[in-house]
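Structural features, examined
Here are the chains, one letter per residue:
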Amino acid sequence: MNMEKLFYFLGAHKTMLLFAITGAALVSLFWAFFIFNKRQNIPDQSLPFPTAYPSAQKPSPSQVPFQAVETSPQNNEKNVYPGEIEVSIFTNVYIQSNKSFILEFSPPLPYYFKITNTFPAKQVIAKIYGGLQTNTTYTAVLKDSFGKTVYSWNFTTSITPAQSSSSLQVDKEKAYLEKYYPLVDYTPYKTGSFDIVYKTKSTLEVKMKISDREKVKQEVIDWIKSHGVDPTTHSINYINSF
Amino acid sequence: MAQMSKLKTIAQNSKLCGRLIIIMVIVIYYMLHSTYSVAQSYSNTVRVKVGTQPETSDFAKAAQDVANAYKACTPEDPPGGKTKLNGNTRTNNAVESCTLNLLQERGYSGDFVEKFSKRRERAKPNGCVECLGFNAISLTLASGDTTTLLQNSPVEILENPSLLNSDRSSLLTYTRTDSDDIQPGDIGFASGCDSVGSAGHALIFKRLLPDTIRFEGIESSYPTTCFVNDAQTHPKDCYTFFRVRKK
């Protein structure tokens, strides 16, 4: 049967059916495409946090202790990068908060770790700040809130040292700025009476534009206080600039 | 009459089917060409003179070009702020070739880009380019030098005199620079703010902020591992700086 005869026998209502099928196929294609794109957009570091779940699934305290079903690095894994990696433990039930478990490393970490995921979740993610020792076998132990061991596993770091400890550096820089330069976000600052800048840590330099020194001093102290900072924590050098 | 009606129906159905086929072709074309559209659109619009070799003093420019290439060749961050994709140095083959093409189109010779590529292979622990690797590949791109700043951690490099003395095979020299005299392209090693050697990070100085206390760096893995960052601020007290010169 050639094409002409086929179209003729199908008739108008069959053509409409053909449209409907083709339309459905197109919609499916679009849908599949957007789902594909959405999956592509999931980053390698993204975490599948559960945001909501039926209350019936919430674990009661009696359900603890939980079990570890998978870890990263895996048990007995060798040649683990000794940088600021994430150590992950996936559990069989939802963990309610970061007080529901205890995570320990032996030998002790060079610096510290922080739990970076939100709860409730079926996983615990610990970011290692400052990295790990090279060529070292670490034992990680996950305990429940009563101190009972849930899971224990080992991994060994590589000989090659890590290239960066930037997360640790982030913490140090933040603490340093808060301690010595709490006004840095507001400087340099200028009024009709004075200009103010940081010269070095905890030391401000004020260029006075008017001769009334006491007035300028009061304005400077008021300005420092207005940002929630105690003026006595800073040395203030006043310079005539009028 | 019946023959005419038959022909009319055939013509109408053929027309509609033809339109459907065209729509499907457009849909398939769109699907095939959208995945790496960001990278393609960027590389298609940047056309600069090929063959101009950057000066060694253009280390800051090279670092910026490397950062820009990673950003241009990776997907945009989706709105909402939680997910980060843009500027990831843990690449796949498509991003890899996009990055290399882009650098070549930015004016770097094929030879330098090839060295950059080889250097990148050595610069990726755990799959991604971190801070020291980023410095190394940026230096390689700017100078062609492939010998320094990769084997050890930033802290070890900073504490070890090899940076200043023993690296005879290097085409480059490194001179300690006072933090009041820093200029774009100087390498900064994190020195733990209050004490030398208690942290490990390396970056390239970009510019001093108006507060004169903080500077903007070009770097990788700050604050998120495996991502380039060219707008992060740091207190200069927390860094020890070195100036790079060609021998």
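Residues numbered from 1 in each chain as written. Chains lettered and ligands numbered in written order. Predicted model: local features only at pLDDT ≥ 70, side-chain atom pairs only at ≥ 80, totals over all residues.

Quick look at the overall build of chain B
When helices and strands are tallied, chain B shows seven helices and six strands. Going from the N terminus to the C terminus, chain B shows its helices and strands as α-α-α-α-α-α-α-β-β-β-β-β-β. The buried share among the 247 residues of chain B stands at 40%. Of the contacts made within chain B by residues no fewer than 6 positions apart, 62% connect residues no fewer than 24 positions apart. (Helix = DSSP H or I, 4+ residues; strand = E, 2+ residues; numbered from the N terminus. Buried ≥ 20, exposed ≤ 12 C-beta atoms within 10 Å, placed from the backbone. Contact = placed C-beta atoms within 7 Å.)

Things to note about the domain arrangement of chain A
Along its sequence, chain A is organised into domain 1 (63-167) and domain 2 (181-240). Computed over C-alpha atoms, the centres of domain 1 of chain A and domain 2 of chain A are 46 Å apart. (Domains from an automatic or database assignment.)

Quick notes on the pairing of strand β8 (residues 149-157) of chain A
Residue and element names in this part refer to chain A. As paired elements, strand β2 (residues 77-80) and β8 share two bridges and run parallel to each other. For V80, the partnering residue across the bridge sits in β8 and is T157. Pairing geometry for strand β7 (residues 137-144) and β8, over seven bridges, is antiparallel. Residue pairing in the sheet places T139 in a bridge with N154 of β8. In this antiparallel pair of consecutive strands, β7 and β8, the connection spans four residues, and G147 shows a positive phi of 90°. (Pairing = 2+ DSSP bridges.)

Re the environment of A190(B)
All names here are of chain B. By the element assignment, A190 lies in strand β2 (residues 187-190). Under the C-beta neighbour-count criterion, A190 is labelled buried, with 29 such atoms within 10 Å. Separated by eleven residues in sequence, A190 and S179 place their C-alpha atoms 12 Å apart.

Here we look at the nonpolar core
The tendency in soluble globular proteins is for nonpolar side chains to be buried as a group. Of all hydrophobic cores here, the largest spans 53 residues; its most connected members are V66(B), I137(B) and L141(B). Per element, the largest residue contribution to this core is nine residues, and it comes from helix α3 (residues 59-73) of chain B. Leave out the neighbours within four places in its chain, and V66(B) touches F134(B), I137(B), S138(B) and L141(B). If you look at the next biggest cluster of nonpolar residues, it comprises 20 residues, including V87(A), I89(A), I95(A) and Y138(A). (Core = buried A, V, L, I, M, F, W, Y, C linked by C-beta atoms within 7 Å.)

Describing unusual backbone geometry
Following S72(A), the chain continues to P73(A) via a peptide bond in cis, the omega torsion being 0°. Looking at where P73(A) falls in the secondary structure, it is placed in the loop between β1 (68-72) and β2. Although it is not a glycine, N79(A) adopts a positive phi angle of roughly 60°. Along the chain, the position of N79(A) falls in strand β2. The phi angle at T212(B) is positive, at roughly 65°, despite the residue not being glycine. Note on T212(B): 15 C-beta atoms within 10 Å, which makes it partly exposed.

As for the sheet that holds strand β3 (residues 86-95) of chain A
The strands making up a sheet associate through backbone hydrogen bonding, with each pair oriented either parallel or antiparallel. Residues and elements named next belong to chain A. The sheet built from four strands is open, its strands ordered β1-β3-β6-β5 with antiparallel pairing. Every interior strand has two partners, whereas the edge strands, β1 and β5 (112-115), have only one. Averaged over all adjacent pairs, the angle separating strand axes in this sheet is 20°, with direction ignored. As paired strands, β5 and strand β6 (residues 121-129) are joined by four bridges and run antiparallel to one another. If you follow I115 over to β6, its bridge partner there is A126. (Axes fitted to C-alpha atoms, helices over the stretch in contact; angles between N-to-C directions.)

Overview of the packing of α3(B) against helix α6 (residues 131-143) of chain B
Residue and element names in this part refer to chain B. Packing of α3 against α6 brings their axes to within 8 Å, and their N-to-C directions diverge by 115°. In this structure, α3 meets α6 at a crossing whose hand is right-handed. Contact with α3, carried on its side by F59, A62, A63 and V66, involves F134, I137, S138, L139, L141 and A142 of α6 and no other residues of that element. Taken together, the residues that form the contact of α3 with α6 break down as nine nonpolar, one polar and no charged. (Left-handed = near helix turned anticlockwise from the far one by under 90°. Nonpolar A, V, L, I, M, F, W, Y, C, P; charged D, E, K, R; others polar.)

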